[in-house]
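Structure at a glance
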Amino acid sequence: MINIRKEQKIAIPQEYLEYLNPNYVFIPIKENKNYPKTLVKKDDLIEDIKVPITGNILATAVNKDKRYLIIKNSHLDEANKDETRVSKNSDKKQEKVEFLENFKNKETIYINTFDKDALAFNNYYLLLKEKDKVIFTLNYLIENTGLKEIYLVIPATYEKVINEYKKIGDKKIKLIILNDYFALGYNDILSKYLRVNSSNIISIEALFNTYYVIKSKNSNYVYLTINGNIKATVFKATKYTILKELLEYLKIDINDIEICLNNSLINKNIGIQYVINEETKLIIINKKDKVLESKRKDTCSNCGLCYTLCPWHINPLKTNKCYDCGLCNYICPSKRVLRVGDSDA
């Protein structure tokens, strides 16, 4: 484990913004066909995806072999809500039944509230801003399953969150406060640290999504952190918003920058045309480091530091079973990029 030291000054961002009414959304589509340039209403289905805004279809676009339908917000409807009710014929009811089956033979579960990256703080704001939904879901699981105890595993640095959740009256819902160690955001690492079965651990995101399953609703937004050589900001943003809109909203100069996705230690580059989706957790904005690139070497010195440091004790050069946490990139004395992930647009 690697302790995130205080002198590194990785502080919780004080800037929290909601961007729920974008000018455009880019709906991912699979079919290669022409869509009429007509008005679509919020919650209309396009290839099983509910449109999060009301607007006009402009065109289709292809980016990195992915096809999108561009919809321009009409801004005519009432302010976009962050959730919508699904139809009675939805699969949500069956999804709810199947989800509750997961707890049939369990008495205790642990909710992992750690983000996977040290520069991401989505769960901190999710726990605060969506507290009522989180608590409702916890109580629902206690009342409708065989669960006897639910533990919320929270970083010690989340003092405000801890104080809020200490107010929960139900004695079956308890807190575990842990130091902010790197990689505890991964359930299998947390299970080893707590010495419990990994099947008894679920992420706070999975718990939060359960709320929508229970309520037969769809969530129209995601939480994501924009960090790096800029003022760190946590966004609650509408799905399928293009990254360029968020950067313009923050007045970020997009010239000569490097944008990385989801991991501050892996150089998984994306462009400003990247479309925000459920998998978007962290956007890193940095100036291009030409000096660092000039220091990189192509050869491996076989020092073994990457293997020694790896939380899973694997060789990043000789396996496909890698979690891409990026620590090996950080420790490599040859400044090699050992893990890069798949590049998204």
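Heads up: the structure comes first, above all this text.
Bear in mind that the values here come from a model prediction, so they are computed numbers and not experimental data.

1. Observations concerning the sheet that holds strand β3 (residues 39-40)
One open sheet accounts for four strands, arranged β2-β7-β6-β3; its pairing is antiparallel. Strands at the two margins of the open sheet, each flanked by one partner only, are β2 (24-29) and β3. The pairing of β3 with strand β6 (residues 55-63) spans two bridges and is classified as antiparallel. By the bridge assignment for β6, V40 is matched with G55.

2. A closer look at the pattern of salt bridges
Here the idea is simple: oppositely charged side chains can pair when their charged atoms come close. Overall, the coordinates contain nine salt bridges when judged by the stated rule. E130 is paired through a salt bridge with K133; the nearest N and O atoms lie 3.5 Å apart. The burial state of E130 is the same as that of K133; both residues are buried. When the shortest N-O distance is used, the salt bridge between K281 and E205 registers 2.7 Å. A residue pair is termed long-range when its members are at least 10 positions apart, and K281 in the loop between β17 (269-270) and β18 (282-287) and E205 in helix α6 (residues 204-214) qualify at 76 residues. K281 gets classed as partly exposed once you look at its relative accessible area, which sits at 25%. Each of E130, K133 and K236 takes part in one network of salt bridges that share partners.

3. Here we look at the packing of aromatic side chains
For the coordinates displayed, the defined rule picks out 15 aromatic pairs. Geometrically, the ring pair formed by Y16 and Y125 is stacked, given 5.1 Å between the ring centres and 15 degrees between the ring planes. With a gap of 109 residues between them, Y16 in strand β1 (residues 15-19) and Y125 in helix α2 (residues 122-129) connect regions that are remote in the sequence. The exposure class assigned to Y16 is buried, which follows from its relative accessible area of 16%. The class of Y125 is buried, set by a relative accessible area of 6%. Relative to Y211, the ring of F136 lies with its centre 5.8 Å away and its plane at 85 degrees, an arrangement referred to as edge-to-face. Of this pair, F136 sits in helix α3 (residues 131-144) while Y211 sits in helix α6, placing them 75 residues apart in sequence. Members of the aromatic cluster, each reached through a chain of ring pairs, are Y16, Y124, Y125, F136, Y140, Y158, F208, Y211, Y212, Y221 and Y223. Above the face of the Y221 ring, K236 is positioned so that its terminal group lies 4.3 Å from the ring centre.

Reading guide: rules and limits
- Residues numbered from 1 in each chain as written.
- Predicted model: local features only at pLDDT ≥ 70, side-chain atom pairs only at ≥ 80, totals over all residues.
- Heavy atoms only, no water.
- Pairing = 2+ DSSP bridges.
- Helix = DSSP H or I, 4+ residues; strand = E, 2+ residues; numbered from the N terminus.
- Salt bridge = Lys/Arg side-chain N within 4 Å of Asp/Glu carboxyl O.
- Buried < 20%, exposed > 50% of the residue type's maximum accessible area, 1.4 Å probe, protein only.
- Phe/Tyr/Trp six-rings, centres within 6.5 Å; stacked < 30°, edge-to-face > 60°.
- Lys NZ or Arg CZ within 6 Å of the ring centre and 35° of its normal.

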